[in-house]
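Tertiary structure, described
The residues making up each chain are set out below.
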Amino acid sequence: MFNIPSRRTVLRLLAVSGLGGLAGCSDANASGKPAHTVSVYLGDRDAVRNVTVTVEEGDGTGVFERSYSLSDDNEAHEDATFPESTDPRDVVVTVDGKQFERPWPAFDDPDTRCSEGNWEGIEVWIEGGPDESPTVRLTGNCQHVTLE
């Protein structure tokens, strides 16, 4: 027997192959206004976590905020958007009342710069088992996503 890949694995493979921007095309992408994305993932599906993600510009102005209840039944929320015209600098993630602050990833060198037609986004990974203190891992990504 072979193992059927998880939804998350399939989506990651699509994104890596450059097809991720085509997944889920709908009227939500009809605006054509470029967007940054925020995707949140629960690393250990046995854990239940209450998470709030806030993205701020350099002057502290909030440009994105969303709360999530993550569990085995709802282990991810992908591609929430905010305008690409903003200048995100800091990401504040609160997990079960514990706050983590991370800088928005740098996309300024050739290895991390988004190719034309794709915009900066982040993946927020909430790690730690149900009996462990949570940790946060933040990575950058590039996608062609427009405002919802």
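On a predicted model such as this, the values are computed, not experimentally measured, just so you know. (Residues numbered from 1 in each chain as written. Predicted model: local features only at pLDDT ≥ 70, side-chain atom pairs only at ≥ 80, totals over all residues. Heavy atoms only, no water.)

Looking only at helices and strands, one finds one helix and eight strands in the protein chain. Residues counted as buried form 36% of the 148 residues belonging to the protein chain. Counting contacts in the protein chain only where the partners sit at least 6 residues apart, residues at least 24 apart contribute 66% of the total. Total accessible area on the protein chain stands at roughly 8,600 Å², and carbon and sulfur atoms take up 49% of it. (Helix = DSSP H or I, 4+ residues; strand = E, 2+ residues; numbered from the N terminus. Buried < 20%, exposed > 50% of the residue type's maximum accessible area, 1.4 Å probe, protein only. Contact = heavy atoms within 4.5 Å. Areas by Shrake-Rupley, 256 points an atom, 1.4 Å probe, with all protein chains shown as cover.)

A few words on the state of the cysteines. Scanning the model with the defined rule gives one disulfide in all. Here Cys114 engages in a disulfide with Cys142; their sulfurs sit 2.0 Å apart. Between Cys114 and Cys142 the sulfur-sulfur dihedral comes to about -80°; the bridge is accordingly left-handed. Remark: Cys142 occurs in strand β8 (residues 135-143) and Cys114 occurs in the loop between β6 (98-103) and β7 (119-127); sequence separation between them is 28 residues. Among the residues examined, Cys114 registers a relative accessible area of 17% and is labelled buried. Classification of Cys142 as partly exposed rests on a relative accessible area of 31%. (Disulfide = S-S within 2.5 Å.)

Now for the side chain of Ser71. Of note, Ser71 is situated in the loop between β3 (62-70) and β4 (76-83). Residues in contact with Ser71, not counting those within four places in the same chain, are Leu42, Arg45, Ala47 and Val48.

Here four strands make up an open sheet; going across it, the order is β4-β1-β7-β8 and the pairing mixed. The open sheet terminates on both sides in strands that have one partner only, identified here as β4 and β8. Across the sheet, the mean angle separating the axes of adjacent strands is 20° when strand polarity is ignored. (Pairing = 2+ DSSP bridges. Axes fitted to C-alpha atoms, helices over the stretch in contact; angles between N-to-C directions.)

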